[in-house]
Each structure stands twice: as C-alpha cells, then as structure tokens.
Amino acid sequence: MWLLAVAKTTFHFDDLINGFWDITISGLVLGAIYALVALGYTLVYGVLRLINFAHSEVWMLGAFGSFAALWGFGVPTRLANGNDPTKTGLVLVGMLLACLLVSMLFSGIAAVVVETFAYRPLRRKKAPRLNFLIAAIGASFILAELVGINGAKHREEYTLQRIFEKKIVFHLFSGQVRLNQVIVLVVALGMMLGLSKFVSSTRTGRGIRAVAQDGETARLMGVNTDRIILITFIVGGMMAGAAAFFFEITYGVARFNTGFQIGVKSFTAAVLGGIGNIRGAYVGGILLGLIELYTSVIFADQKMGTVSAFVVLVLVLMFRPNGLLGESLSAARA
Amino acid sequence: MNKKLALRVGAAVLSLAFVASACSSDKKADDPNCGDIHIGFVGALTGANGALGTNMVHGAQIAIDEYNATQKSCKTKVSLIQKDSQGDPKVAPPLATALVDDKSVVGLIGPGFSGETKATMPTFEAAGLPMITPGATNAKLSTNGWKMFHRILANDDKQAPGIVSYLKTAGAKTVAVIDDASEYGKGLADSVRSGLGALKTADATIDPKASDFGAAVSAMKTANADYIFYGGYYAEAAKLVTQLRDAGVKSVFMSGDGSLDPAFITAAGKNGEGAILTATGAPSDVNPAFSASFKAKWATDPLLYSPEAYDCAKVFLAGLAAGKTTRADLAAFVSAYDAPGITKQIKFDATGEPAGSAVYSYVVKDGKLVSLGLIK
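Residues numbered from 1 in each chain as written. Chains lettered and ligands numbered in written order. Predicted model: local features only at pLDDT ≥ 70, side-chain atom pairs only at ≥ 80, totals over all residues.

Peer 1: Would you mind going over the overall build of chain B with me for this structure?
Peer 2: Regarding its fold elements, chain B presents twelve helices and 13 strands. Here the C-alpha radius of gyration of chain B, 21 Å, is about what a compact globule of 376 residues would show, namely 21 Å. The C-alpha extent of chain B, read off along each of the three principal axes, is 70 × 40 × 35 Å. Here chain B holds 376 residues, and the buried ones make up 57% of them. Sequence-distant contacts in chain B: of pairs separated by 6 or more residues, those separated by 24 or more amount to 70%. (Helix = DSSP H or I, 4+ residues; strand = E, 2+ residues; numbered from the N terminus. Rg over C-alpha atoms; globule rule 2.2 N^0.38 Å. Buried ≥ 20, exposed ≤ 12 C-beta atoms within 10 Å, placed from the backbone. Contact = placed C-beta atoms within 7 Å.)

Now the structure itself:
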C-alpha cells in the first residue's frame, strides 16, 4: 500500500525550478518564524533541561497581541465600502510597531505566568522531571482553552485587519519580495543578532550561560537562578511574540489552537539545529522552513512537506544525535 | 450534501440567519377531514436541522394552497401530513410505516436528508408509494434499484461534472486544481481533475490544519492558469484565496458547495471578489412569483430547499389534477413527468435522478453572493 503510494507519486521538479526564488523567499519567511519560536524552546531547555510544551500557546497569545493592538486602535475589519482599512506612512509604522510590541508583551507575560505558576512551584518542591512535562502540557491546554472558551469568536478563526498592501519591494532574480516579507526578514535578523549579543556579552547573558552550564554552582557563585530563569522565559516568550507578529502580517489568521502546528515545527527546528544552542535554533528554523516549502512543491502536497522535514530530522539525528550544531548553551558559547 | 454543509449553503444563499419558524407547530395547515387525499412529508421539523425541514414544508404548502384554490369541492382538496423525523435515520422508519399504512397518502415529499432516506426507502418501495426528495443528495441513493425513488436536485457526484462544464463553457484553457486532502475536498477535486483531462495543468494539496499555503501558492504562481479550482471548505478557501492574491496570482478562484458560506466572503474580503462557487441547491429566490407568495404566507423570504419542495409538490399535484389518485397511477405519472418547474425542467431518469444539468453557480460580487443560474 505504502509502496504503491510512493510508486504513484509524481514529482514536480519543474514547479520548483520555475518558482525557485519565490519559494525560497516564502521558505525563509516561514523559517524565520520557526527560528524565533525555536529560540524559546532552546533557551528554556538550556537553563532547565525542560521542553516547555506550553511555548506554543505563549506564541498563540502573542498572535492575539497583534489583534488586540489593532482593536485598541479601533481599526475595523473592513471599511463601510468593503475596502481594507489600509494605513500609510507614520501611522502604519506606528501601528505595526505597536502590534509587534503588544505581541511581545502578551507572549512575555504568558511566559512569566507559565514559569511562575506551573514550573516554579514544582522546582521548589524538587518534583520529578515527569511532573514538569505534565505541567507543561496542562498549561498548554489551559491557555488554549481560555482563548477558545472566552474569546470573542470562541473556537472560530480570527482574521487580522489588513492595514497595509503587500506591495512588491524588489525582485530577487525571478522572485518577488513583498513588503511584509522584507519586514519579517529584516526585523527577525536584527532580533537574532541582538539576542546573540545579549547572551554572549551582557551580565544577564553570562548569568543565563552560567545557569545553563551548572545551576547549582551558579547559585553558589551568587547568581540569582530564579531571576535568571524568569528572564530566560521572558526573552524566549518575547521572541515567540515577535514571531507571532511576523506570522500575522504574513498570514493574518489565528485561532485558539494555531499554536500547536507552529509549536511542533519550531520544536523540531530546535532539535534539528541542536536543542540548547541559540545558533542551532536559527539554522534549524531556516532549514526547516526551506525544506518544507521545497518538498511541498516537489510533491505538490503540503503534508509531504511535513513528512520530508521529519525524515530530514531523523537522518540528521542518526549521524549527529545532538543536532546539526550540537548543544552549546551549556558549553558556555552562544 | 451533508447536513452541516446543507445548513451552510442555506445560510450562504440567503445571507440570512435561519429563524426557527413560529409556524412549525402548525402540523396540519388544512382540516384533515376535508378531502380524502393526502401528500406525506417526512423530515426534520425540530432539532438541529429543523429549519431545513420547515423550509421544505413551507415551500410545498405554497404549491398545495395554489392547487386547493382551484378546487371548488372540499372533497378534492389536498393536505400535507407532516411527520417530524428530526432528520434522524433512527426516528424516521416508524414514521414512514405510519404514512404507508394511511391509504389516503398517495405521494411523499421527502425524506429531507440522505440518512433517513436510506433508512426508510425500503418501506416506501414495498408499499409502492412514490416519493420525491427535495434535499437528500447522497449519490448512492439512486443505485439501489428503487422504483419509487426520485429526487428533484442533483446528487453530490453531479457537482464535479457541473464544475467542469462551467469551466469549459467559460473558455478556460488552463485550470489548476487544489484540494485539502479531506474526503469531501479531495473527492470533488479528483472528479474535477479527471473531468478536465488535458485542461488541468497544475495540482496541489494543502494541509487544512496549517495556515501557510506558500508551496501551493508558489505552484499556482508558476502555473498561472486561467482558473484555480479548490476542493475543500470555506475557512481554508478564504485563507488560500487571500494568500494567492497577496502573491499576485490573478487566476479566477473557483470552489464547490463546501466554500459556499457567508464566512468565506467575510474572511476573504476583497480577495474573494469574483470567486465562482457552485451548489446543487437552487437559489432560494429563483422565482419572483414564488418568493412573493411565500413571503405573503410565511412572512419570510423562501429559504434553502423551499423552491425544491415546491417543485416536488407541483409534480404530485399535477398528477392529482390529471386524475391519478392511486399510488400506482401517481408513481407512473411521476416517472413520466416532464414539465418546467421553478428550479429547472423537472424530468426524472430511470434511476429517479433529475435528468440534465442541475448545478447552480454563484459569483461573489460586491461582498454578496450573486446567482449565475443553472450551469448549462
């Protein structure tokens, strides 16, 4: 049956070749989103040796941050004449910035709530590792269902107001690069560089690395581990919030359970790059985005894109069990 | 069409929320003691899909009122005996038996849905009671050799040929087909694919759980086809058409009854403009005269399946007017029937399916669904 399906598969390499640059740009955008979400998994894993499964819902709440910002500005879904409420100039820049910041704020707060109410009490009681995992899954359900039950549209899909036209900014060979894609790629790159700098060169960053290397010793050396762990959650959450903003200006939809798909993919990206490794999260995210897009086009089936991404993951882990770049946050490099 | 889908289509066609009718408790509009002849009805009058059956009864009642107005003698007036199945295949069979046992019932409108039709058809078949369903669209219903089975609208499998016919008539030279890998979406898309043959120039399958359809969008951009047909439901259709337009894809977007929902228009906004959608149900405002009578009696515009039920009743009433007052005579009359109805030319083939095309197309224009009529 399975062999039959493989035998019947047709390959669409011509589609990949003809649309290569467009596909690459879409892949980079998706990859950048994965990479920023993967950071949250990797940072928390680095300091706590814990997969924070509630991170996908931290991301989801960030997505609703963008909605909240535009609702706050009173931007209608459609103008009376049916047009999109398009903004220009400084108003647009201000609104986008507000969306980004509110998304980061929402995710940051969500991450703090998860850490404070789900993980910290368990840490105090020196609970077994499995309890953290269950708490993570529980927190994930609670956050998703809170939105599903109490949200204005409950479990229905929300569509973000379109405040700008996705104009073509420039051409990359045969590919068209649009305004939203430029924003995502430029801002995401800036954030990645900024975060690397933060972890490698600041006092707090040194604290994060110290806790990652050996929490007990770090505490003995005067590092406030609880504070460092909280900051790690906040930073990871804010990155997820930024990713959620990028997702919203690109795809413009959200619902209570959208976090799951992005969460699974981003976690995969983190493992692919080497969980605990910040650069690994970047590399894993971008690679995953590209692999998914390329293979989806080749097989003309989006689910095959997901399958291929996991096949690549398995192959990489066979030869490099610690991921492409290995685990390095604890190895005191960032 | 499944029940949920049927509801959505109804809402789409009317752009109105269903209002549970205040008249649904009025089980027998006319005095049952007046007249010896009855037409039966089995369908959902209460429950989750109660609105649909009520729409049917209201449509049929208009035809019966028109008929009774022409009958001078009380004896020859016809009334409708309504049985509320709640649309449930487990509730319907005893109701069917009761109708069959009532020898004054010579014809049946309904059952409303496919499941209950499947469950009750053997009873009607054994009793030789001719039936015409205004809403059961499961394709397999007509493959059982049931002589009494008739339906007034196209079955689910007829939609794809209708779509292919639309595309060919519209002069499409290239068509790209996308599906959502669901039973409904892939089924419809695959039928369209095989119907199009060489006209189909590109394919893609999306994952409806994802929100990013970048790969399919890129493939469509490369394909640059005249039309893109999407087999799937409205939520993904709206996201897909938005992402296609964002990427500058100009192909005409087309989809089936799964996308025929006001939510598609709301979510897609300007990007949904010009989208072509198809359905097997007739637009509820298909006939102005019918709409006027309907509104006068029920104080609402006709709703989904009302025109179909009106046409069903018309067939039986024409038979009664021609003196076919036994089940056997009426059954023969229905099978040979060939006259214009308000939804289409009413004629049944040997299996009880409507003869000829019976798929309607709609276009999204200025944020509204506008009927383009029957696909030729």
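Next comes the rest of the description.
Peer 1: Explain the overall build of chain A to me, please; I cannot follow it from the model alone.
Peer 2: Counting its secondary structure elements, chain A contains 13 helices and four strands. Against the compact-globule benchmark of 20 Å for 334 residues, chain A has a radius of gyration of 20 Å, which places it among compact chains. Put simply, chain A has 334 residues, and 51% of those count as buried. For chain A, the share of sequence-separated contacts (at least 6 apart) that also reach a separation of at least 24 residues comes to 79%.

Peer 1: Just to check I follow, could you spell out the interface of chain B and chain A for this structure?
Peer 2: Often, the extent of an interface is quoted as the loss of accessible area upon association of its parts. Chain B puts 26 residues into the contact, and the matching count from chain A is 29 residues. For the side of chain B that touches chain A, the secondary-structure elements that each account for two or more residues are strand E6 (200–205), helix H7 (214–223) and helix H8 (234–246) of chain B. In terms of residue count, the dominant contributor to the side of chain B that touches chain A is H7(B) (seven residues). Of the residues belonging to the side of chain B that touches chain A, the class tally is nine nonpolar, eight polar and nine charged. (Nonpolar A, V, L, I, M, F, W, Y, C, P; charged D, E, K, R; others polar.)

Peer 1: When you look at the nonpolar core in this model, what are you seeing that I'm missing?
Peer 2: Counting 220 residues, the largest nonpolar core has A:Ala35, A:Leu36, A:Ala243, B:Ala60, B:Met220, B:Ile228 and B:Ala313 as its most contacted members. The contacts of B:Ile228, once residues within four sequence positions are left out, are B:Ala176, B:Ile178, B:Met220, B:Leu244, B:Ser251, B:Phe253 and B:Met254. (Core = buried A, V, L, I, M, F, W, Y, C linked by C-beta atoms within 7 Å.)

Peer 1: When you look at the sheet that holds strand E4 (residues 131–132) of chain B in this model, what are you seeing that I'm missing?
Peer 2: Within a sheet, neighbouring strands are paired by backbone hydrogen bonds and run either parallel or antiparallel to one another. Residue and element names in this part refer to chain B. The strand order across the open sheet formed by four strands is E2-E1-E3-E4, and the pairing between neighbours is parallel. Where the open sheet ends on each side, the last strands, each with one partner, are strand E2 (78–84) and E4. Two strands pair when backbone bridges link them, and strand E1 (residues 37–43) and strand E3 (residues 105–109) are joined in this way by four bridges, in the parallel orientation. The residue of E3 that forms the bridge with Phe-41 is Ile-109. The strands touched by helix H3 (residues 92–101) are E1, E2 and E3; relative to E1, the strand with the most contacts, the crossing angle is about 175°. (Pairing = 2+ DSSP bridges. Axes fitted to C-alpha atoms, helices over the stretch in contact; angles between N-to-C directions.)

Peer 1: Would you explain the packing of helix H4 (residues 55–72) of chain A against helix H11 (residues 259–273) of chain A in this entry?
Peer 2: In helix packing, the relevant descriptors are the interaxial angle and the interaxial distance, both defined with respect to the helix axes. Residues and elements named next belong to chain A. Contact pair H4 / H11: the axes reach a minimum separation of 8 Å and the direction vectors enclose 130°. Taken as axis vectors, H4 and H11 run oblique relative to one another. H4 and H11 meet at a crossing whose hand is right-handed. On H11, the residues touching His-55, Ser-56, Glu-57, Trp-59 and Met-60 of H4 are Gly-259, Phe-260, Ile-262 and Gly-263. For the contact of H4 with H11, the residue count by class is four nonpolar, four polar and one charged. (Parallel < 35°, antiparallel > 145°, perpendicular 65-115°, else oblique. Left-handed = near helix turned anticlockwise from the far one by under 90°.)

Peer 1: Whenever I open this one, unusual backbone geometry confuses me. Can you help?
Peer 2: Most peptide bonds adopt trans geometry, and most residues besides glycine take a negative phi value. Cis geometry marks the peptide bond from B:Gly110 to B:Pro111, where omega comes out at -10°. Checked against the element boundaries, B:Pro111 lands in the loop between E3 and helix H4 (114–127). With a phi close to 50°, A:Phe173 is a non-glycine residue in the positive phi region. Tracing the backbone shows A:Phe173 in the loop between strand E2 (168–172) and strand E3 (175–178). Note on A:Phe173: 8 C-beta atoms within 10 Å, which makes it exposed.

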